[in-house]
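So you can see what is in the structure, the chains are spelled out below.
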Amino acid sequence: MSILTVRNLTKRFDGLVANQDISLTVEKGSITAVIGPNGAGKTTFFNMVTGVYQPTEGSILLEDQSIVGMKPHAISRKGIARTFQNIRLFGNITVLENVMVGMHNHLRVGVLGTILQLRKFKDEELQAQAEAFRLLEYVGLADHLNDEADSLSYGAQRRLEIARALATKPKVLLLDEPAAGMNPRETKELTDLIHKIRKEFDVTIILIEHDMKLVMEISEHIFVLDHGEKIAEGNPDEIRKNPKVIEAYLGSGASTAQAVSTIGG
C-alpha cells in the first residue's frame, strides 16, 4: 500500500531544471532512500514534497490526496515532517522548548487563550511538556532538557531535530542527510534509532544520505537521482549492481571493486 505517490514531478528555476519528470511510489511503513551524486536534485525533491518549493509540473499525493499548492505548515499538519541537511534548531532556547515548537500544529488553544493564560492553555502546555520530555527520553536527550540547543554535540543536535520532527506526529518522516558529520558510533546509534522509530511510531521514513554503508544496511527500496532525473530504483542489491548508478557515481569504465567500495557491498 502506497503512502506517497509522485508523478512527473518537475522543478525549473528560470533556465535551470533541478528535477525533471520524476515519478516514484513510496510504500507505507517502508524505509526508503533517495540517493545520487552532489547536485542530483535530492534536496529540491524534498523541498517540493514539504511545500518549500511548488513544482513547475507534476503531482504529489499523500494517501491519494494532492498536497501540491499547500504551504509547509499545512503539509506538516497533513502528516509530513522533515529534518534538514544543515541543522535548523533554535539555538538559544532549551532542548525541551525546541521539541515543543514542533507541537504547535496540534495544540487546540488559540492565540487568545494563550494571551489570557486560560486554564485550558495551562493544562495543554503541561501535556505538551510531558510529551516533549518523553520524546527527549526516546532519543536519549532527557538529561539535556534545560540546556540550550547550541550547547549540544553535533550528533545530539541531529537527534534533537528528529525529536522535534516526531513531535509533529508525522505519517512520513523525511531525513535529509541525518548521518552527515557523525562518527561511526553515532552513525550506528542513528541506524538503530531509525529502525526503532519506524516500528514504534508506525511511520514511513524517506532519507537522503551520502553514507552508502548506512543506505545499503537500512533501506528496503532506493531511488537514484542524477542531474535531476530518476535513473534507477530497486532494492540495495539491485542498486549496487546497476550500471547507470555505477556510472553516475564513478564515471564510465569503473571496476566492480570500485563500485562496491563507493556504493556499498
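Residues numbered from 1 in each chain as written. Predicted model: local features only at pLDDT ≥ 70, side-chain atom pairs only at ≥ 80, totals over all residues. Heavy atoms only, no water.

## Here we look at helix α6 (residues 154-166)
No. 1: For α6, spanning 13 residues, the distance from its first C-alpha to its last is 19 Å, which sits close to the expected 18 Å at 1.5 Å a residue.
No. 2: Summarising burial for α6: 11 of the 13 residues are buried, a large majority.
No. 3: Those residues of α6 that fall on the buried side of the exposure criterion are G155, A156, Q157, R158, L160, E161, I162, A163, R164, A165 and L166. (Helix = DSSP H or I, 4+ residues; strand = E, 2+ residues; numbered from the N terminus. Expected span 1.5 Å × (residues − 1). Buried < 20%, exposed > 50% of the residue type's maximum accessible area, 1.4 Å probe, protein only.)

## Thoughts on the packing of aromatic side chains
No. 1: Throughout the structure, instances matching the rule amount to 3 aromatic pairs.
No. 2: Here F13 and Y53 contribute two aromatic rings whose centre-to-centre distance is 5.1 Å and whose plane-to-plane angle is 75 degrees, an arrangement assigned as edge-to-face. Placement of the pair is F13 in strand β1 (residues 2-13) and Y53 in the loop between α1 (42-49) and β4 (57-62), with a sequence separation of 40 residues.
No. 3: For F13, a relative accessible area of 30% translates into the label partly exposed.
No. 4: When the ring centre of F13 is taken as reference, the NZ or CZ atom of K11 above it lies at 5.1 Å.
No. 5: Over the face of the ring belonging to Y138 we find K196, whose NZ or CZ atom lies 4.5 Å from the ring centre. (Phe/Tyr/Trp six-rings, centres within 6.5 Å; stacked < 30°, edge-to-face > 60°. Lys NZ or Arg CZ within 6 Å of the ring centre and 35° of its normal.)

## Overview of helix α10 (residues 243-250)
No. 1: Turning to α10, its buried residues are V245, I246 and A248. With its buried residues spanning 165 degrees around the axis, α10 presents them on a single face. More than 90 degrees from the buried face of α10, the exposed residues found are P243 and K244.
No. 2: Its side-chain oxygen at 2.9 Å from the backbone nitrogen of K244, N242 defines the N-terminal cap of α10.
No. 3: Positive backbone phi, approximately 90 degrees, marks G251, located one or two places after α10. (Arc of directions from axis to C-beta. Polar contact = N/O pair within 3.5 Å; in protein donor to acceptor, adjacent residues only side chain to side chain.)

## Some words on the pairing of strand β10 (residues 229-234)
No. 1: Relative to β10, strand β9 (residues 221-226) runs antiparallel, the two being bridged by 5 bridges. Following the sheet pairing, L225 is matched in β10 by K230. (Pairing = 2+ DSSP bridges.)

## Description of the pairing of β1
No. 1: In this structure, β1 lies alongside strand β2 (residues 16-27), joined through 8 bridges in antiparallel fashion. Each residue of the ladder has a partner; that of V6, found in β2, is L24.
No. 2: Between β1 and the antiparallel strand that follows it, β2, lie 2 residues; D14 among them carries a positive phi value of about 55 degrees.
No. 3: Across 5 bridges, the pairing between β1 and β4 is antiparallel. Its bridge partner being in β4, T5 is matched across the sheet by L61.

## Remarks on the sheet that holds β4
No. 1: Strand order in this open sheet of 4 strands is β2-β1-β4-β5, and the pairing throughout is antiparallel. What marks the edges here is a single partner per strand, and that holds for β2 and β5 (65-66).
No. 2: As paired elements, β4 and β5 share 2 bridges and run antiparallel to each other. Across the sheet, residue L61 finds its bridge partner in β5, namely S66.
No. 3: Sitting on the sheet, α1 is in contact with β1, β2 and β4, with an inclination near 115 degrees to β1. (Contact = heavy atoms within 4.5 Å. Axes fitted to C-alpha atoms, helices over the stretch in contact; angles between N-to-C directions.)

## Remarks on the nonpolar core
No. 1: Of all hydrophobic cores here, the largest spans 47 residues; its most connected members are V99, L160, L173 and I197.
No. 2: Discounting residues that sit within four places of it in the chain, L173 has contacts with A81, R82, A165, L166, I197, V203, T204, I205 and I206.
No. 3: If you look at the next biggest cluster of nonpolar residues, it comprises 24 residues, including L9, V49, I60 and I80. (Core = buried A, V, L, I, M, F, W, Y, C linked by side-chain atoms within 4.5 Å.)

## Some details on the sheet that holds β10
The pairing of strands in a sheet happens through backbone hydrogen bonds and is either parallel or antiparallel.
No. 1: Ordered by their spatial adjacency, 6 strands build an open sheet running β6-β7-β8-β3-β9-β10, and the pairing between neighbours is mixed. The open sheet has two free edges, formed respectively by β6 (80-82) and β10, since each of these has just one partner strand. Across the sheet, the axes of successive neighbouring strands diverge by a mean angle of 20 degrees, strand direction being ignored.
No. 2: Summarising the sheet, strand β3 (residues 31-35) and β9 pair through 4 bridges and their orientation is parallel.

## Regarding the confidence of the model for the chain
No. 1: Averaged over all residues, the pLDDT of the chain equals 89, while 88% of them reach at least 70.
No. 2: Considering only residues more than four positions removed or in separate chains, one finds that residues 110-116, a stretch of pLDDT under 50, has 4 contacts. (pLDDT = per-residue confidence, 0-100.)

## What about the packing of α6 against helix α7 (residues 184-200)?
No. 1: Axis separation between α6 and α7 bottoms out at 11 Å; the angle between their running directions is 10 degrees. Our classification of the angle between α6 and α7 gives roughly parallel. From α6, G155, R159, I162 and L166 reach across to α7, where they touch E186, L190, L193 and I197.
No. 2: Taken together, the residues of the contact of α6 with α7 break down into 5 nonpolar, 1 polar and 2 charged. (Parallel < 35°, antiparallel > 145°, perpendicular 65-115°, else oblique. Nonpolar A, V, L, I, M, F, W, Y, C, P; charged D, E, K, R; others polar.)

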